[in-house]
Amino acid sequence: MSHEKKGSRYWDDRFSKQAYAYGEAPNDFLVWAAPQVKKGKVISLSEGEGRNAVYLAQLGFEVTAVDFSSVGLAKAQALAEKHQVKIECVLADLNDLQLEPNTWDVVVSVFSQPESPIRQRLNAQLASSLKMGGALIHESKVSEDEDASGKYPGIALLQREIAPLHVSFAHQGSRILAEGSYHVGSHTTAQILAFRV
Ligand SMILES: C[S@@+](CC[C@H](N)C(=O)[O-])C[C@H]1O[C@@H](n2cnc3c(N)ncnc32)[C@H](O)[C@@H]1O
């Protein structure tokens, strides 16, 4: 398996086709978790083409979608228009993003898999960036090879990184993904729902 660094041009290229690479439907763990969190201001990290942002906006959340792919965010805006909802798209590299204190009711991180120093820094900012009672909704791929301590960590490492959030649900296991043409078939993922208490 190759884990070379993938810059914004790689993702612009992936998103340049008309079809949505991960589909237009939201991630199913997000669909399960969303009714359990306070409806308010959400930031979605590495939102890509907007499937999760648009779903949350349809539920009444105020959504900010961050990604470094301008092509992905253009499709996110188009999907929002198609469904007649508003989302704010921010073109930014997570490497430059600061999660400001007491700002968010929800942080969504669904298949946002930046290099590990970026993930570690953002995870360390999570607890203070969430408002009291705010939530993290996280799903990511887990690698079973040498990259398990890199971009694709297991759930134990992720839980240590997001401390002191209170974890209400954490699961690592193999599941079938059916998200567009790129997330298909059996994958090991880590799913976390955690709260600032
Ligand atoms: C596997 S896709 C997932 C997209 C979306 N979260 C979803 O589940 O449909 C990974 C996304 O991460 C974005 N990304 C990767 N590294 C990034 C970085 N350093 N800063 C901002 N976005 C990044 C890519 O542009 C891409 O949209």
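Presented here is a report on the structure given in the accompanying data block.

Rules and cut-offs
As a convention, each chain's residues are numbered from 1 in the sequence order in which they are written. The model is predicted, so local features are restricted to residues of pLDDT at least 70 and side-chain atom pairs to those at 80 or more, both for listing and for counting; the totals for chains, interfaces and linings are taken over all residues. Here the side-chain values reflect all heavy atoms present in the structure, with hydrogen atoms and water set aside. What makes a nonpolar core is a set of buried Ala, Val, Leu, Ile, Met, Phe, Trp, Tyr and Cys residues whose side-chain atoms join them at distances within 4.5 Å. Only protein chains enter the accessibility calculation, which uses a 1.4 Å probe; a residue whose area is less than 20% of its type maximum is buried, one above 50% is exposed, and one in between is partly exposed. Runs of H or I in DSSP of at least four residues are treated as helices and runs of E of at least two as strands, each being numbered from the N terminus. In what follows, residue pairs with any heavy atoms lying within 4.5 Å of each other are defined as contacts. To obtain the arc, one takes the directions from the helix axis to the C-beta atoms.

1. Topic: the nonpolar core
Next up, step 1: Counting residues in hydrophobic clusters, the biggest one holds 29 residues, and the most contacted among them are V37, L56, I87, V108, I137 and L193.
Next up, step 2: Those elements that provide at least two residues to this core are α2 (28-33), α3 (51-59), β2 (62-67), α4 (70-82), β4 (104-110), β5 (130-141) and β7 (183-195).
Next up, step 3: Broken down by element, the residue count for this core peaks at five residues, all from α3.
Next up, step 4: In this view, L56 contacts L30, A34, V42, F61, V63 and V108; residues no more than four positions away in its chain are not counted.
Next up, step 5: Residues L45, A92, L97 and I118 belong to the second largest nonpolar core, which totals 23 residues.

2. Some words on helix α6 (residues 155-162)
Since the α-helix advances by 3.6 residues per turn, residues separated by three or four positions end up pointing in the same direction.
Next up, step 1: Restricting attention to buried positions, one finds in α6 the residues I155, L158, E161 and I162. Buried residues in α6, looked at end-on, bunch into an arc of 120°, giving them a common side.
Next up, step 2: Lining the buried residues of α6 we find α5 (116-129), β5, β6 (166-179) and β7.

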